[in-house]
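Each chain, letter by letter, is given below.
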Amino acid sequence: MRDDHEIVAGSAFLRQNGVRVGDRITLEKGGQRRSMRVVGEVMQNNARVVVTGWPALHAMAPDEKPIAYHVRLRDGADPAAYARAARAADSGVSPAPRGPDNLTRTIVGSATALTLMLALVSALGVFNTVVLNTRDRRRDLGTLKSMGMTPGQVTLMTVTSMAVLGVLGSLLGIPLGVAGYELVVPRMADAVDITLPAFMTDVCAPRPSPRSPSPEWSSPSSAPWCRPAGPAA
């Protein structure tokens, strides 16, 4: 947010109020009305929460006081050391270092666990197919060896046949997997009324550019008491 008339809203807020990023809405509080532009979306399933800068909140509710500050540390900084220094500088503050968002970690962890399980099942399936295929062809392999085939040639023939099976399985499995992914993941997000960002859903999404290493103070104000009064004129 770069302006006092900008807000970032959660997925549930946008869906339930029929608003899109780029639209303008009017927030109302205690008789104060303020036209705001939605400039971003966050994974938030509380339809009564929007995030804006402190100047905008103060203009609508001058008596409101901040209850917390969010501090983004420089890359490589020690959160625990920062918390101790802040507590030593002012005994009235209660720093609470936080890591990555719990929701993000849950989604990524679940996806990783499912991927590893599917990979293990696939590997066991391929191994089982190789073993059964080799046992079924014992007589054929014995005949080929009696005709002069070396053990290396028998191994090469078996591996080649399994490689062909693997290539065919990949050609069929990858499109079906992508189609199933595109079908299931959006519906899982819809079930909890959030929109997942592209870097969490796109398999081949480009990595986001690194953030500036300089520290940043921010005081986003969640305003559940602000309700949209309709599109701005």
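Scroll up for the structure.
Residues numbered from 1 in each chain as written. Predicted model: local features only at pLDDT ≥ 70, side-chain atom pairs only at ≥ 80, totals over all residues. Heavy atoms only, no water.

Trainee: Help me out: how do you make sense of the overall build of the protein chain in this one?
Mentor: Looking only at helices and strands, the protein chain features seven helices and eight strands. Out of the 233 residues belonging to the protein chain, those deemed buried represent 18%. Contacts in the protein chain between residues at least 24 apart in sequence constitute 71% of all its contacts with a sequence separation of at least 6. (Helix = DSSP H or I, 4+ residues; strand = E, 2+ residues; numbered from the N terminus. Buried < 20%, exposed > 50% of the residue type's maximum accessible area, 1.4 Å probe, protein only. Contact = heavy atoms within 4.5 Å.)

Trainee: Looking at this structure, I do not really get the pattern of salt bridges. What am I missing?
Mentor: Close approach of charged atoms allows side chains with opposite charge to pair. Inspection of every chain in the model, using the stated rule, returns one salt bridge. Where Arg 33 meets Glu 28, a salt bridge forms, and the shortest distance between an N and an O atom there is 3.5 Å. (Salt bridge = Lys/Arg side-chain N within 4 Å of Asp/Glu carboxyl O.)

Trainee: Explain the nonpolar core here, please?
Mentor: Listed in full, the 12 residues of the largest apolar core are Ile 7, Ala 9, Phe 13, Leu 14, Val 19, Ile 25, Leu 27, Met 36, Val 38, Val 50, Ala 56 and Met 60. Among the elements of the structure, β1 (6-10), α1 (11-17), β2 (24-29), β3 (32-42) and α2 (54-60) are those that each provide at least two residues to this core. Not counting residues within four places of it along the chain, the set of residues in contact with Ala 56 comprises Asp 4, Arg 34 and Met 36. (Core = buried A, V, L, I, M, F, W, Y, C linked by side-chain atoms within 4.5 Å.)

Trainee: Looking at this model, I keep getting lost on the environment of Asp 78. Mind explaining?
Mentor: Among the structural elements, Asp 78 can be located in the loop between β5 (70-72) and α3 (79-89). The class for Asp 78 is partly exposed, based on a relative accessible area of 42%. For the pair Asp 78 and Pro 97, spaced 19 residues apart in sequence, the C-alpha to C-alpha distance is 9.6 Å. With residues near it in sequence (within four places) discarded, Asp 78 still touches Leu 73 and Arg 84.

Trainee: I keep staring at helix α6 (residues 151-191) and nothing clicks. Help me out?
Mentor: Because each turn of an α-helix spans 3.6 residues, side chains separated by three or four positions end up pointing in the same direction. Look at α6: 56 Å from first C-alpha to last across 41 residues, which is about the 60 Å you get at 1.5 Å a residue. At Gly 173, α6 shows its largest bend, some 25 degrees, and a proline, Pro 175, comes one to four positions later. Inspection of α6 places Val 154, Thr 158, Met 162, Val 185 and Ala 189 among the buried residues, and these make up the whole buried set. Once α6 ends, the next one or two residues include Asp 193, with phi positive near 60 degrees. (Expected span 1.5 Å × (residues − 1). Bend = angle between axes of the 7 residues up to and from the residue.)

Trainee: What is the right way to read the side chain of Arg 34 from this model?
Mentor: With respect to the helices and strands, Arg 34 occurs in strand β3. Sequence-distant contacts of Arg 34, defined by excluding residues within four places in its chain, comprise Asp 4, His 5, Ile 25, Thr 26, Leu 27, Ala 56, Ala 59 and Met 60.

Trainee: Explain a nonpolar patch on the surface here, please?
Mentor: On the surface, a nonpolar cluster with roughly 370 Å² of combined accessible area is contributed by Val 164, Val 167, Leu 168 and Leu 171. The residue Val 164 is located in helix α6 in this model. (Patch = residues over 30% accessible without salt bridge, like charges linked within 9 Å, V, L, I, M, F, W, Y side chains within 5 Å. Areas by Shrake-Rupley, 256 points an atom, 1.4 Å probe, with all protein chains shown as cover.)

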